[in-house]
Amino acid sequence: IYSATMGSAIEACFYGIKAVGLSIADFSSDADFTAAKLYSKSIIRNVLKNGLPDGVCLNVNVPSLPLSDIKGVKICRQTKGIWKEEFDKRVDPRGNEYYWLTGNFKNFEPGANDTDEWALKNKFVSIVPVQIDMTAYSVIEILNKWNYEI
């Protein structure tokens, strides 16, 4: 929901466009995109060949490692957690103040081994299938039993 990369992929999904949000786990200006480029080609080739179900896009994250150190691909679920946002006050070269969004991810399930966070920390490219319909279908029956009289 917060990621511009995935926001774009989800928006494409709304319009029936097959989409993949691709990110590398490296924020430096001199990041090595070699592995990300090769894995991205493979993943996109698979999407073009096999398609994706309507309303589903992919969230792909590549660890910041040399290609030879990446162990492969893991199909995962999204880790449960939150971003603890912080704002860093800075000054640009012209003397204007601005705020840079920073922060850290708080993993609520550090022991889980089927998540995207686990995959990245264990040298795998993570692929999480994301659906745009966020309806909690399992709760509909429960809510239908509530008393809504006023």
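Please refer to the structure placed before this passage.
Below you will find a few notes about this structure. From a predicted model like this one, the values you see are computed outputs, not experimental measurements.

**Details of the overall build of the protein chain**
- Counting secondary structure elements, the protein chain contains four helices and six strands.
- Each helix (α) and strand (β) of the protein chain, taken in turn from the N terminus, gives the series α-β-α-β-β-β-β-α-β-α.
- In terms of C-alpha radius of gyration, the protein chain reaches 19 Å, well past the compact-globule figure of 15 Å for 150 residues.
- Dimensions along the principal axes, computed over C-alpha positions, put the protein chain at roughly 60 × 45 × 35 Å.
- For the protein chain, the proportion of its 150 residues judged to be buried stands at 26%.
- For the protein chain, the exposed area adds up to about 11,100 Å²; of that, 55% sits on carbon and sulfur atoms.
- When the 17 basic and 18 acidic side-chain charges of the protein chain are each reduced to a single mean position, those positions are 7 Å apart.

**Re the state of the cysteines**
- Evaluation of the coordinates by the stated rule reveals zero disulfides.
- For the unlinked cysteine Cys-13, the closest cysteine sulfur is that of Cys-57, found at 4.3 Å.
- Residue classification places Cys-13 among the buried residues on the basis of a relative accessible area of 6%.
- Here Cys-76 is not cross-linked by a disulfide; its sulfur's nearest cysteine counterpart is in Cys-57, at 15 Å.
- Taking the relative accessible area as the measure of exposure, Cys-76 reaches 10% and is therefore buried.

**Re a nonpolar patch on the surface**
- A contiguous nonpolar patch, built from Val-139, Ile-142, Leu-143, Trp-146 and Tyr-148 and spanning about 490 Å² of accessible area, is present on the exposed surface.
- On the basis of relative accessibility, which here comes to 32%, the residue Leu-143 falls in the partly exposed class.

**With respect to the packing of aromatic side chains**
- According to the stated counting rule, one finds three aromatic pairs in the structure shown.
- When the ring of Trp-118 is compared with that of Phe-124, the centres are 6.0 Å apart and the planes differ by 15°; the resulting orientation is stacked.
- The class of Trp-118 is partly exposed, set by a relative accessible area of 27%.
- If you follow Lys-74 out to its NZ or CZ, it ends over the ring of Phe-124, 4.8 Å from the centre.

**Some points on the nonpolar core**
- In this structure, Ile-43, Leu-58, Val-60, Val-62, Ile-70, Val-125 and Ile-127 are the most contacted members of the largest nonpolar core, which totals 13 residues.
- For this core, the secondary-structure elements that each account for two or more residues are helix 2 (34-50), strand 2 (56-62) and strand 6 (124-131).
- Beyond its immediate sequence surroundings of up to four residues, Val-62 is in contact with Ser-23, Ile-24, Ala-25, Ala-35, Ala-36, Ile-70, Leu-120 and Val-125.
- Counting 11 residues, the second largest nonpolar core, distinct from the first, contains Ala-12, Cys-13, Ala-19 and Ala-119.

**Regarding the side chain of Asn-59**
- Assignment of secondary structure puts Asn-59 in strand 2.
- Using a relative accessible area of 16% as the deciding quantity, one classes Asn-59 as buried.
- A polar contact is formed between the side chain of Asn-59 and the side chain of Asn-61, at a distance of 3.3 Å.
- Residues contacting Asn-59, with those up to four places away along its chain left out, are Met-6, Gly-21, Ser-126, Ile-127, Val-128 and Val-130.

**Digging into the pattern of salt bridges**
- Overall, the coordinates contain seven salt bridges when judged by the stated rule.
- When the shortest N-O distance is used, the salt bridge between Glu-109 and Arg-77 registers 2.9 Å. One end of the pair, Glu-109, is in the loop between strand 5 (97-107) and helix 3 (116-121); the other, Arg-77, is in the loop between strand 3 (72-75) and strand 4 (81-91), with 32 residues separating them in the sequence.
- Taking relative accessible area as the criterion, Glu-109 reaches 16% and is therefore assigned buried.
- Overall, Arg-77 belongs to the partly exposed group, its relative accessible area being 29%.

Procedures and definitions
- Residues numbered from 1 in each chain as written.
- Predicted model: local features only at pLDDT ≥ 70, side-chain atom pairs only at ≥ 80, totals over all residues.
- Heavy atoms only, no water.
- Helix = DSSP H or I, 4+ residues; strand = E, 2+ residues; numbered from the N terminus.
- Rg over C-alpha atoms; globule rule 2.2 N^0.38 Å.
- Buried < 20%, exposed > 50% of the residue type's maximum accessible area, 1.4 Å probe, protein only.
- Areas by Shrake-Rupley, 256 points an atom, 1.4 Å probe, with all protein chains shown as cover.
- Lys, Arg positive; Asp, Glu negative; His and termini not counted.
- Charge placed at Lys NZ, Arg CZ, Asp CG, Glu CD.
- Disulfide = S-S within 2.5 Å.
- Patch = residues over 30% accessible without salt bridge, like charges linked within 9 Å, V, L, I, M, F, W, Y side chains within 5 Å.
- Salt bridge = Lys/Arg side-chain N within 4 Å of Asp/Glu carboxyl O.
- Phe/Tyr/Trp six-rings, centres within 6.5 Å; stacked < 30°, edge-to-face > 60°.
- Lys NZ or Arg CZ within 6 Å of the ring centre and 35° of its normal.
- Core = buried A, V, L, I, M, F, W, Y, C linked by side-chain atoms within 4.5 Å.
- Contact = heavy atoms within 4.5 Å.
- Polar contact = N/O pair within 3.5 Å; in protein donor to acceptor, adjacent residues only side chain to side chain.

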